[in-house]
Amino acid sequence: MEKDLLKLLDLSEADIHKILNMGDQMKFNQRHKLIHNYLAGKTLAMIFEKNSTRTRVSFETGMFQLGGHAIYLSGKDSQIGRGEPIEDTARVLARYCDGIVIRTYGQSEVEELAKYSSVPVINGLTDFAHPCQVLADLMTIREKKTRLEGVKLAYIGDGNNMANSLIVGGLKCGMEVAVATPKGYEPDESVLSFAKTQKDFALTDDPAEAVKYAEVVITDVWASMGQEEEAAKRREAFKGYQIDKKLLGLAMPNVMVQHCLPAHRGEEIAADVFDAHAEEIFEEAENRLHVQKAVMYLLMGDNVRK
Ligand code: CP
Ligand code: NVA
């Protein structure tokens, strides 16, 4: 494993499976009330420059459950909001804390933080990637389908951070990945260059084509955080990209649906589809906690070779 978790492109298939296996173990431990203070005495700094419910609460709770402590730093209230350079923030936080989670806009800010931090940096979402979420998605899919290899995943909607991370994570785990986005809203070029070297990848602007034979169908909001002003324009551009009963009817009969949340019912997902698949979607949300405990244990635990 690398020192940091910045994007799934940096992980090998073995790294991903190691995290997922440890995530399953963390879930088992919690279900059976087995308490492990793997991170006793350790502190996690959590920098948030965007809103969050799941990421903040799951990291904070996960840290507590492993015997450690988490400190929430909103961009606004810390000196970051007043322009303190990221490289100085990194060097200071690394002297107090044992790990840093950051949610921000540019991927380059996260990479910069990791460059100057001697402690692990975990990407809690950027405009480019959402690796922790996709690790939770992969954990949930493996749990429900018992395998990842050969399972067809269809992503319908915006070529955003979720699309980027799902393509990389899915392909690295041997899944078949099909993506449907409107023209002009395709995933990042670096992700497409990676995907094109893999055998089981398809990109189309036709949702029906992408969901055909899919065992997992995933979507995300049409306007991500920071794109609020484009919401109306995007609602137009994404017409026909909603996951509704008709579209889902083209997938495999036992299809599962994932959504990282928050969801906009009536936009990217129909309310009845959301309700019918709510159990899978909230299991996915729960798995954020387990998989992130695994990530923190593997990156920040005393087991880590320095
Ligand atoms: N899915 C996800 O990252 O949720 P939050 O924005 O609530 O953290
Ligand atoms: N694509 C969404 C994901 C939210 C968890 C966003 O970036 O806002």
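Quick note: structure is the one above.
**Description of the packing of helix α2 (residues 54-65) against helix α12 (residues 278-300)**
Here α2 crosses α12 at 55 degrees, and the two axes come no closer than 9 Å. Taken together, the axes of α2 and α12 are oblique relative to one another. Two packed elements cross with a definite hand, and for α2 against α12 that hand is right-handed. Contacts between α2 and α12 pair R54, T55, S58, F59, T61, G62, M63 and Q65 from the former with A285, R288, L289, Q292, K293, M296 and M300 from the latter. For the contact of α2 with α12, the per-class residue count stands at six nonpolar, six polar and three charged.

**Description of the packing of helix α6 (residues 161-172) against helix α7 (residues 189-196)**
Two elements in contact, α6 and α7, have axes separated by 10 Å at closest approach and are oriented at 20 degrees. One element, α6, and the other, α7, form an angle in the roughly parallel class. When the axes of α6 and α7 are compared, the crossing they make is left-handed. In contact with N164, I167, V168, L171 and K172 of α6, α7 contributes V191, F194 and A195. For the contact of α6 with α7, the class distribution of residues is six nonpolar, one polar and one charged.

**Some thoughts on α7**
Buried within α7 are the following residues: V191, L192, F194 and A195. Down the axis of α7, the buried set is contained in an arc of 160 degrees. They therefore lie on one face. Within α7, the exposed residues directed more than 90 degrees away from the buried face are E189 and K196.

**Focus: the nonpolar core**
Ranked by internal contacts, the top residues of the largest apolar core, which has 58 residues, are L5, L44, I122 and L135. When residues of this core are assigned to their parent elements, the largest contribution, eight residues, is made by α12. In contact with L5, not counting residues within four places along its chain, are L11, V121, I122, N123, P131, C132, L135, V295 and L299. Judged by nonpolar contacts, the second largest core, of 26 residues, contains I156, A214, V217 and A285.

**Things to note about the packing of aromatic side chains**
Summed over all chains, the structure comprises six aromatic pairs. Between the aromatic rings of Y38 and Y297, the centroid separation amounts to 4.4 Å while the plane-to-plane angle is 50 degrees, which identifies the pairing as tilted. With Y38 in the loop between α1 (13-31) and β1 (43-48) and Y297 in helix α12, this pair connects stretches of sequence that are 259 residues apart. Since its relative accessible area comes to 28%, Y38 is described here as partly exposed. Seen from their ring centres, F274 and F282 are 5.9 Å apart, and the 80 degrees between their planes marks the pair as edge-to-face. Judged by relative accessible area, which is 44%, F282 ranks as partly exposed. Here the aromatic cluster, defined as three or more aromatic residues joined through ring pairs, consists of Y185, W222, F238 and Y241.

Parameters and conventions
Residues numbered from 1 in each chain as written. Chains lettered and ligands numbered in written order. Predicted model: local features only at pLDDT ≥ 70, side-chain atom pairs only at ≥ 80, totals over all residues. Heavy atoms only, no water. Axes fitted to C-alpha atoms, helices over the stretch in contact; angles between N-to-C directions. Helix = DSSP H or I, 4+ residues; strand = E, 2+ residues; numbered from the N terminus. Parallel < 35°, antiparallel > 145°, perpendicular 65-115°, else oblique. Left-handed = near helix turned anticlockwise from the far one by under 90°. Contact = heavy atoms within 4.5 Å. Nonpolar A, V, L, I, M, F, W, Y, C, P; charged D, E, K, R; others polar. Buried < 20%, exposed > 50% of the residue type's maximum accessible area, 1.4 Å probe, protein only. Arc of directions from axis to C-beta. Core = buried A, V, L, I, M, F, W, Y, C linked by side-chain atoms within 4.5 Å. Phe/Tyr/Trp six-rings, centres within 6.5 Å; stacked < 30°, edge-to-face > 60°.

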